[in-house]
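# Breakdown of the fold
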Amino acid sequence: MQGGSFFKNSHPFGAWSEIKVKVLSYAVQDMDFSSHPYAEYRIEITKGNNKWFVHKRYNQLLAFHKWIVRNHMVDTKILPPFPEAPLFDKVLKEYEEVAEERKFLIEGYLEYLINVDEVYNSRPAQVFYEFGNLIAPENRKNVLVALPSQAFELAQVSIVWKVLTALGNNVVFATENGKKAQHEEVQYEPGNGIPEAKRFYFDLLKEQSFKEPISFKEITPGSFSGILF
């Protein structure tokens, strides 16, 4: 596992340096979008003098693990062990015990992966670890997302928003009249859909820039590095 030589100082998230990952805590919730309890881990990531925190549910960690294996990012023979999938018939107390057992496995797994060149340099990993936190606020690019005034599917927009912000962009929403966009409410049935998409969707509904968009008349093209319609 080598770092440094693969990257240049012009890399968007800086030249490679050892990254530390620590699972600080976890919270087990009785139920949310799914039909069973779930654990959410609070994870501290340190790169040089930079430190930030991310929150990940087990399903998000599992999806990332599957992506690593499917794309052969690391030889499975040397890949650290990943905690087994949850048993959905467990009661809440047992989920807390399982979450505690997984804590150190998750910590070692995530720290090993992000210190592999190919993983560090991959866009999905940069989104997962939310590398945008390495970019100082004054250096972040502004990206405009123009939304239609008519009802539209917000789920896909929430995924785009999450990816852009995780990579260190400021997302500004705009509608024709400057009022909050009318969108179709997404009904997530327990056990169905993509866990990450559910979380992104509900997070976006609370985002201030989404609730208070600018109007199309206020758009100044030169102020944005990119515009999405």
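Scroll up for the structure.
Quick caveat, the model's predicted, so the values are computed rather than measured. (Residues numbered from 1 in each chain as written. Predicted model: local features only at pLDDT ≥ 70, side-chain atom pairs only at ≥ 80, totals over all residues. Heavy atoms only, no water.)

## Some thoughts on the nonpolar core
Of all hydrophobic cores here, the largest spans 34 residues; its most connected members are Phe-64, Ile-68, Leu-110, Leu-113, Val-119 and Tyr-129. Contributing elements (two or more residues each) for this core: β1 (19-29), β2 (38-47), β3 (50-57), α1 (58-70), α2 (92-114), α3 (117-120) and α4 (123-128). Non-local contacts of Phe-64, meaning those with residues more than four positions away in its chain, are made with Leu-110, Leu-113, Val-119, Ala-125, Phe-128 and Tyr-129. Ranked by size, the runner-up nonpolar core spans 14 residues in total, among them Leu-154, Leu-164, Val-171 and Tyr-201. (Core = buried A, V, L, I, M, F, W, Y, C linked by side-chain atoms within 4.5 Å. Buried < 20%, exposed > 50% of the residue type's maximum accessible area, 1.4 Å probe, protein only. Helix = DSSP H or I, 4+ residues; strand = E, 2+ residues; numbered from the N terminus. Contact = heavy atoms within 4.5 Å.)

## A few points about α1
Given a rise of 1.5 Å per residue, 13 residues ought to cover 18 Å, and the 18 Å separating the end C-alpha atoms of α1 matches this to within 8%. By the burial criterion, the buried members of α1 are Tyr-58, Gln-60, Leu-61, Leu-62, Phe-64, His-65, Trp-67 and Ile-68. A positive backbone phi angle near 55° is found at His-72, which sits one or two residues after α1. (Expected span 1.5 Å × (residues − 1).)

## A closer look at the side chain of His-65
Looking at the element boundaries, His-65 is found in helix α1. On the basis of relative accessible area, His-65 is assigned to the buried category, the value being 15%. Looking at His-65, its side chain comes within polar contact range of the side chain of Tyr-109, at 2.5 Å. Apart from the residues within four sequence positions on either side, His-65 is in contact with Leu-79, Phe-82 and Tyr-109. (Polar contact = N/O pair within 3.5 Å; in protein donor to acceptor, adjacent residues only side chain to side chain.)

## Looking at unusual backbone geometry
A positive phi is found at His-72, a non-glycine position, where the angle reads about 55°. By the element assignment, His-72 lies in the loop between α1 and α2. Since its relative accessible area comes to 68%, His-72 is described here as exposed. Phi is positive for Glu-130, close to 55°, though the residue is something other than glycine. With respect to the secondary-structure elements, Glu-130 resides in the loop between α4 and β4 (142-146).

## Some thoughts on the pattern of salt bridges
Counting across every chain of the model gives 6 salt bridges. Lys-20 is the partner of Glu-18 in a salt bridge, and the nearest nitrogen-oxygen pair spans 3.3 Å. According to the relative accessible area criterion, Lys-20 is partly exposed, its value standing at 42%. Residues Arg-57 and Glu-40 are paired through a salt bridge, measuring 3.8 Å at the closest nitrogen-oxygen approach. In this pair, Arg-57 is assigned in strand β3 and Glu-40 in strand β2, connecting sequence segments 17 residues apart. (Salt bridge = Lys/Arg side-chain N within 4 Å of Asp/Glu carboxyl O.)

Geometric descriptors of this kind do not, in isolation, establish any biological role.
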